[in-house]
Amino acid sequence: VDDFYGEEQAGSPDQVAAQAGGDAGKGGVIRNAEDLITDDHRLLLRCSWPLLQSRNSAVLLAVAALQFDFAPSYEHHRCAKAVMFCMRSTRTAAEYVILNNVATFAYRYPDVFAPHFTGFFVRASDPLHVKCLKLDVMTEIIKEDQIPELLKELQAYLRDNEMSFVSNAIFALGRCAQKHPKIQERILKSLMALSTHQSEEVSCNSVQVTLAIAQEHPHMYIQQIAKLIKRYRFLVSPKARMGVLWLSSCHLTLHNRLGKTEEEVKEMIGVETFGKLCDLAYEAARLAALDFIGEAEEVKIQILNSFAKLLIHNVASAKPGFDYVVAMAKGDASYNVRDRARLYAGLIASEGDSLSKKIILASENLKPISSPTDESNGHFAIGSLSHLVNHCAPGYQSLPDFRDTPTSSSLRDSVATRGTSVSQAQANGNQYANNTVDNTRRETLSAMNESPLDNFYSDAEEDSGEYSDSYSYSYSESEEDGDEES
């Protein structure tokens, strides 16, 4: 099994021991990797290795869960290769169960599954839930040298006819951009093209991912923000329009989100760049105000927010637009829009009030793009029903903590215990039982030494007509004479 599932990249136990010693820190340096586990622990792991060759997916998944939970990290590559083979050879509902557990394995140990990156490519025959789960696994185990191949694969997924899968591919692009900033510019080009997609879901998700990438450094994405503002009228999703308005004015609340002052943010961005971003924010708010009556409720509120932020930062050109929007909002059918307009009008009228400035500029960072694997990881035991459905199923029992002291080896020495009891019985003087056992043992040994085929090819014939326990088919002379007379 060691040779069948062995790989050169796994690393030696000594190297892993050195790494484990460096990571431990608090408990001291570990001299040898074998010191991490006891003899009984090692026996359990070694006895389960042959079961990795089982063709039963349930058996293989149970062994993989055992190895990933209790084996050292330098031995996990055996399970990874076996699980990937089982997943490729399964085309039933069991594939999703295996893939769900593999997603948890990959989140905990991404380097173990990184060599099997191409095994998670989506097939056209896969159902939607399997496709989305494979996307999550690929974004977890991706390495920098595998990024070009992943981007080509995701570009092909963006042309799929199923819009839900396309949206998940967009979120996968966003996770890759957050992990590897070097490819953000290339990913943003694809997101810009998808922002004007006919599907509202795809258009909204592409803009949302763009916001998550550019929210902390808007000065680095001025060109992308300007392109989105030019495409504002072509956006079909109200959430996408709201996202463009928020992105164009996010630099005005950057100091609150970073915990800095306005002067520090202007020095970081640059006064000239800050002015360009303010011009873009005003242009986006102006374009949105042209069709204020026909916009959705959330878009109207965001238009009010943009004009109010610009006025707080002393952008004089925003004053006529703000008055126009407030006048239109007072007669709106939505009470949320009317209340927000009266609130901002009162806060802007109170000049020099620091409280009004804090209220208008209050903002938080958007949450990073996370996968469902991140949220459900680590709550339940791997391989259990609760882990699959992501909630506590009836009868579920969590794994107990590791013992501080090793267990006694006598718990598994059942054969030795029986041998001790037999020797004690013989010492008590039970001669009859001893003789009976000896006689039975001799008869058994003699029967084992004798074979029924010993006389099968023998030329000697038995004289007696009695039944013989051998398999010889020879006849006696008396029997032959009797047959002739008859």
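Residues numbered from 1 in each chain as written. Predicted model: local features only at pLDDT ≥ 70, side-chain atom pairs only at ≥ 80, totals over all residues. Heavy atoms only, no water.

**As for the overall build of the protein**
Consideration 1: Tallying secondary structure elements over the protein gives 26 helices and zero strands in all.
Consideration 2: Taking all 486 residues of the protein together, 40% fall into the buried category.
Consideration 3: A separation threshold of at least 6 residues defines the contact pool for the protein, and within that pool the share at least 24 residues apart is 65%.
Consideration 4: Accessible area of the protein: about 28300 Å², with a carbon and sulfur share of 51%. (Helix = DSSP H or I, 4+ residues; strand = E, 2+ residues; numbered from the N terminus. Buried < 20%, exposed > 50% of the residue type's maximum accessible area, 1.4 Å probe, protein only. Contact = heavy atoms within 4.5 Å. Areas by Shrake-Rupley, 256 points an atom, 1.4 Å probe, with all protein chains shown as cover.)

**Some details on the side chain of K134**
Consideration 1: By secondary structure assignment, the location of K134 is in helix α8 (residues 128-141).
Consideration 2: Among the polar contacts made by the side chain of K134, one reaches the side chain of D126 at a distance of 3.0 Å.
Consideration 3: Those residues in contact with K134 that lie beyond four places of it in its chain are E95, L99, F120, F121, V122, R123 and D126. (Polar contact = N/O pair within 3.5 Å; in protein donor to acceptor, adjacent residues only side chain to side chain.)

**Let's talk about the pattern of salt bridges**
Consideration 1: For the structure shown, the criterion picks out 14 salt bridges.
Consideration 2: For R108, the salt bridge goes to D69, with nearest N and O atoms at 3.8 Å. On the criterion of sequence distance, the pair formed by R108 in helix α6 (residues 94-108) and D69 in helix α4 (residues 57-70) is long-range, its members being 39 residues apart.
Consideration 3: Exposure remark for R108: the relative accessible area of 32% places this residue in the partly exposed category.
Consideration 4: Assessed through its relative accessible area of 24%, D69 is described here as partly exposed.
Consideration 5: In this structure, the salt-bridge partner of D323 is K319, at a minimum N-O distance of 3.6 Å. Of this pair, D323 and K319 both sit in helix α19 (residues 319-329), four residues apart, roughly one helical turn. (Salt bridge = Lys/Arg side-chain N within 4 Å of Asp/Glu carboxyl O.)

**Section: the packing of aromatic side chains**
Consideration 1: This model, assessed by the stated rule, comprises five aromatic pairs.
Consideration 2: Taken together, the ring pairs in this structure connect F68, F105, Y109 and F113 into an aromatic cluster.
Consideration 3: Over the ring of W49 we find R78; its NZ or CZ atom is 4.1 Å from the centre of that ring. (Phe/Tyr/Trp six-rings, centres within 6.5 Å; stacked < 30°, edge-to-face > 60°. Lys NZ or Arg CZ within 6 Å of the ring centre and 35° of its normal.)

**Quick word on helix α3 (residues 39-48)**
Consideration 1: Within the sequence span of α3, burial applies to H41, R42, L45 and S48. Looking straight down α3, one finds its buried side chains confined to an arc of 135 degrees; they lie on one side. Within α3, the exposed residues directed more than 90 degrees away from the buried face are D39 and C47.
Consideration 2: Taken together, the buried residues of α3 touch α4. (Arc of directions from axis to C-beta.)

**Re helix α5 (residues 76-88)**
Consideration 1: With 13 residues, α5 should reach 18 Å at 1.5 Å per residue; the first-to-last C-alpha distance of 19 Å fits that figure.
Consideration 2: Within the span of α5, buried status applies to H76, H77, R78, C79, A80, A82, V83, M84, C86 and M87. (Expected span 1.5 Å × (residues − 1).)

**Looking at the nonpolar core**
Consideration 1: With 108 residues, the main nonpolar core has F113, F120 and Y157 as its most contacted residues.
Consideration 2: The dominant element in this core, judged by the number of residues it contributes, is helix α17 (residues 271-289), at 10 residues. (Core = buried A, V, L, I, M, F, W, Y, C linked by side-chain atoms within 4.5 Å.)

**What about the confidence of the model for the protein?**
Consideration 1: Per-residue pLDDT for the protein has a mean of 76; in total, 73% of the residues score no lower than 70.
Consideration 2: In this model residues 1-33 is a low-confidence stretch, pLDDT under 50, and it forms 35 contacts with partners more than four residues away in sequence or in other chains.
Consideration 3: Under a pLDDT of 50 for its full length, residues 456-486 has, in the predicted model, 10 contacts with residues more than four places off or in other chains. (pLDDT = per-residue confidence, 0-100.)

**Examining the packing of helix α10 (residues 163-179) against helix α12 (residues 200-214)**
Consideration 1: Two elements in contact, α10 and α12, have axes separated by 9 Å at closest approach and are oriented at 10 degrees. Overall, the two elements α10 and α12 adopt an arrangement that is roughly parallel. Each of M163, S164, V166, S167, I170, F171, G174, A177 and Q178 in α10 lies in contact with α12, whose residues at this interface are E201, V202, N205, S206, V209, A212 and I213.
Consideration 2: Each residue belonging to the contact of α10 with α12 can be placed in one class, and the counts come to nine nonpolar, six polar and one charged. (Axes fitted to C-alpha atoms, helices over the stretch in contact; angles between N-to-C directions. Parallel < 35°, antiparallel > 145°, perpendicular 65-115°, else oblique. Nonpolar A, V, L, I, M, F, W, Y, C, P; charged D, E, K, R; others polar.)

**A word on empty space enclosed by the protein**
Consideration 1: Tallying each qualifying case throughout the model produces one cavity of 30 Å³ or more.
Consideration 2: Space inside the largest cavity adds up to approximately 40 Å³.
Consideration 3: If you go around the largest cavity, the residues you meet are H251, L252, H255, E262, V265, K266, F274 and H313.
Consideration 4: For the lining of the largest cavity, the element with the most residues is helix α16 (residues 262-269), which contributes three residues. (1 Å grid on protein atoms, 1.4 Å probe; cavity = no way out; pocket = protein on both sides within 12 Å on 5 of 7 lines; lining within 4 Å. Points joined across faces, edges and corners; volume = space filled by probe spheres on them.)

**Some details on unusual backbone geometry**
Consideration 1: A positive phi is found at N314, a non-glycine position, where the angle reads about 65 degrees.
Consideration 2: You can call N314 exposed: its relative accessible area is 69%.

**Digging into the side chain of E262**
Consideration 1: Among the structural elements, E262 can be located in helix α16.
Consideration 2: Beyond its immediate sequence surroundings of up to four residues, E262 is in contact with H255, H313, K357 and L361.

**What to know about the environment of A327**
Consideration 1: Counting through the fold element by element, A327 comes out in helix α19.
Consideration 2: The exposure class assigned to A327 is exposed, which follows from its relative accessible area of 52%.
Consideration 3: Sequence separation of A327 and R338 is 11 residues, and the distance between their C-alpha atoms is 9.7 Å.

**Description of the environment of I312**
Consideration 1: If you trace the backbone, I312 turns up in helix α18 (residues 297-312).
Consideration 2: Each residue touching I312, except ones within four places of it in the same chain, is listed here: I348, K357, I360 and L361.

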